[in-house]
Amino acid sequence: MIYLALAIGACFCTYWVAQVVFVWQHVRWTRRLLPPEAKHAEPPISFIHPIKDLDPDLEENLAGCMAQDYQGAVQHIFSFQVPDDPAIPVIERWKTAHPRQDITIIANPRQKGLSGKSSNMVCGLRIARHEMVLFADSDVRVRPDFIRKMIRPLLDPKAGVTTCGQINLGGRRFWTRFFTFLQNCETDFNWAFLTRLGMDVGITGAAFAMRRSVIAEVGGLERFGGSLLEDMFLGNLLYQKGYRIVLGPFVECHVDELRREKSINYAKRLAIGIKTHIAVEAPLFVVMLGWHWALLVAALALENTGLVLIALGFLAFRTAQGLAQRVVTGNRILPIDLVMPLFFDVFGIFFLLYPFSEPTVTWRGITYRIRAGGYIDEVS
């Protein structure tokens with residue numbers, strides 16, 4: 001029994017170490033600027049920014065997106081749902097201060113059956129002039145070569161999309177730290193790592209780039225906009241059609257303070273998405289989150305002192321790996337981070353196993369009711 005426990009633990013610990021090494025290397029690549037090359041002509045692009053409400057760091061995030069070292073023409077489309085959105089004056093001030101930049105601001109009511117973000121993207125795509133299209137959330141911060149690293153892979157017709165993991169930074173209180181740990185674990189240490197290994201786990205929606213012809217080929221963004229995790233659905237279909245999913249640079253999201261409700265809603269949104277979109281793999285996620293806890297429970301039930309010590313050692317290793325995640329993502333380690341990895345695992349197991357009898361998720365002021373398959377049934 002002890003030898004079996006050591007063998008299982010060695011496999012999972014190797015995976016944990018590989019995750020940290022991968023993210024460390026990808027962060028280094030993200031921070032290393034990619035210069036233009038004569039053999040790679042930089043085509044014109046349409047950069048669509050779906051926005052709802054005023055993010056605290058919008059001006060700084062905006063500056064990074066607009067001040068790009070990109071040789072091709074860039075059409076910026078800022079897509080809102082209402083004409084009095086508090087973020088619009090910020091965009092208008094930037095447009096006035098930079099008259100040479102191609103900036104368009106639009107506001108369209110959310111289309112029935114689509115999530116708020118999907119509706120904004122669909123409306124923005126309608127007025128896009130270029131074949132290459134880039135989407136990015138308003139709460140992300142990017143580096144000067146961001147557009148180049150996103151668009152260059154799409155010059156290969158076999159590449160279907162370039163997509164990004166999102167590194168979350170900052171916060172001091174428990175639920176804010178939990179939110180950043182949760183997002184980093186989900187998008188960087190799991191999704192991005194598995195994507196690099198070639199597994200079909202969809203894409204992320206924080207930032208992604210595609211050719212309009214590919215969007216049309218898969219049925220348009222409207223086909224996915226009625227899904228809770230439209231980005232995962234879109235990525236799954238691209239895999240099925242034989243397109244490569246290219247991992248782009250990490251983008252950053254700086255978080256100062258979040259309420260407990262937002263952290264829980266994000267966890268619930270993620271859990272429902274996993275159980276509906278990649279249900280076959282859901283039990284594997286439970287095993288990944290809970291094998292060390294299961295080993296401890298079994299050791300206590302068997303009253304095997306040696307096995308208990310081994311299980312406690314793996315719990316300690318998981319804690320150390322969680323702290324290493326903080327370091328490689330550029331977060332300072334706070335005392336509260338000592339409990340975060342193990343709390344995250346227990347929290348994730350609960351949400352993946354909990355049978356949501358009436359699954360609803362609230363995000364950016366909109367409450368979505370989710371039906372079978374992860375699709376939006378009702379929106380309020």
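Not measured: the values here are computed from a predicted model. (Residues numbered from 1 in each chain as written. Predicted model: local features only at pLDDT ≥ 70, side-chain atom pairs only at ≥ 80, totals over all residues. Heavy atoms only, no water.)

Enquirer: Got a minute to help me understand the packing of aromatic side chains in this structure?
Expert: When we look at a pair of aromatic rings, we describe it by the centre distance and by the angle of the planes. Evaluated as defined, the whole model comprises 18 aromatic pairs. Between Phe-135 and Phe-208, the ring centres sit 4.9 Å apart and the planes meet at 25°, which makes this aromatic pair stacked. In this pair, Phe-135 is assigned in strand S4 (residues 132-136) and Phe-208 in strand S7 (residues 207-211), connecting sequence segments 73 residues apart. Here Phe-135 matches Phe-208 in class, with each residue buried. Relative to Phe-343, the ring of Phe-174 has its centre 5.2 Å away and its plane inclined at 70°; by these criteria the two rings are edge-to-face. Of this pair, Phe-174 sits in helix H6 (residues 174-196) while Phe-343 sits in helix H12 (residues 340-353), and the two are 169 residues apart along the sequence. Looking at Phe-174, the relative accessible area reads 24%, which means it is partly exposed. A cation over a ring is seen here: Arg-318 above Trp-16, with NZ or CZ 5.7 Å from the ring centre. (Phe/Tyr/Trp six-rings, centres within 6.5 Å; stacked < 30°, edge-to-face > 60°. Helix = DSSP H or I, 4+ residues; strand = E, 2+ residues; numbered from the N terminus. Buried < 20%, exposed > 50% of the residue type's maximum accessible area, 1.4 Å probe, protein only. Lys NZ or Arg CZ within 6 Å of the ring centre and 35° of its normal.)

Enquirer: Quick question: what am I supposed to make of the packing of H6 against H12 here?
Expert: A pair of packed helices is captured by two measures, namely the crossing angle of their axes and the spacing between those axes. Between H6 and H12, whose axes approach to 10 Å, the crossing angle comes to 70°. With respect to their mutual orientation, H6 and H12 come out roughly perpendicular. Between H6 and H12, the residues in contact are Phe-174, Trp-175, Arg-177, Phe-178, Phe-181, Leu-182 and Cys-185 and Met-340, Pro-341, Phe-343, Phe-344 and Phe-347, respectively. Here the residues of the contact of H6 with H12 are counted per class, giving 11 nonpolar, no polar and 1 charged. (Axes fitted to C-alpha atoms, helices over the stretch in contact; angles between N-to-C directions. Parallel < 35°, antiparallel > 145°, perpendicular 65-115°, else oblique. Contact = heavy atoms within 4.5 Å. Nonpolar A, V, L, I, M, F, W, Y, C, P; charged D, E, K, R; others polar.)

Enquirer: Teacher, can you tell me more about the sheet that holds strand S1 (residues 45-50) here?
Expert: Consider a sheet: its strands pair through backbone hydrogen bonds, and that pairing is either parallel or antiparallel. The sheet built from 7 strands is open, its strands ordered S3-S2-S1-S4-S7-S5-S8 with mixed pairing. Strands at the two margins of the open sheet, each flanked by one partner only, are strand S3 (102-107) and strand S8 (244-247). Across this sheet, the average inter-strand angle for adjacent strands is 20°, counted without regard to direction. As paired strands, S4 and S7 are joined by 5 bridges and run antiparallel to one another. For Leu-134, the partnering residue across the bridge sits in S7 and is Ala-209. Where helix H2 (residues 58-66) meets the sheet, it contacts S1, strand S2 (74-80) and S3, and its direction lies at approximately 150° from that of S2. With respect to the sheet, helix H3 (residues 88-97) is in contact with S2 and S3, its orientation differing from that of S3 by roughly 160°. (Pairing = 2+ DSSP bridges.)

Enquirer: It is not clear to me how the packing of helix H1 (residues 2-31) against helix H11 (residues 305-328) should be interpreted in this structure. Could you clarify?
Expert: Interhelical geometry of H1 versus H11 gives an angle of 5° and a closest axis separation of 10 Å. Looking at the two axes, H1 sits roughly parallel to H11. The class makeup of the residues in the contact of H1 with H11 is 17 nonpolar, 4 polar and 1 charged.

Enquirer: What is the right way to read the pairing of S3 from this model?
Expert: Consecutive residues of a regular strand have side chains that alternate between opposite faces of the sheet. As paired elements, S2 and S3 share 6 bridges and run parallel to each other. Following the sheet pairing, Ile-77 is matched in S3 by Thr-104. Since S2 and S3 lie parallel, the crossover through H3 that links them has a hand, and here it is right-handed. (Right-handed = clockwise from strand over helix to strand, strands pointing away.)

Enquirer: Sorry if this is basic, but what is going on with the side chain of Gln-75 here?
Expert: Relative to the helices and strands, Gln-75 resides in strand S2. Relative accessible area serves as the criterion here: at 2%, Gln-75 is assigned to the buried category. Side-chain polar atoms of Gln-75 contact the backbone nitrogen of Arg-129, separated by 2.9 Å. Not counting residues up to four positions away in its chain, the partners in contact with Gln-75 are Ile-45, Ser-46, Phe-47, Asp-102, Ile-127, Ala-128, Arg-129 and His-130. (Polar contact = N/O pair within 3.5 Å; in protein donor to acceptor, adjacent residues only side chain to side chain.)

Enquirer: Is there a simple way to explain the environment of Asn-108 in this structure?
Expert: Relative to the helices and strands, Asn-108 resides in the loop between S3 and helix H4 (116-126). Given the relative accessible area of 28%, Asn-108 is considered partly exposed. For the pair Asn-108 and Phe-351, spaced 243 residues apart in sequence, the C-alpha separation works out to 35 Å. The residues contacting Asn-108, other than those within four sequence positions of it, are Phe-80, Gln-81 and Cys-123.

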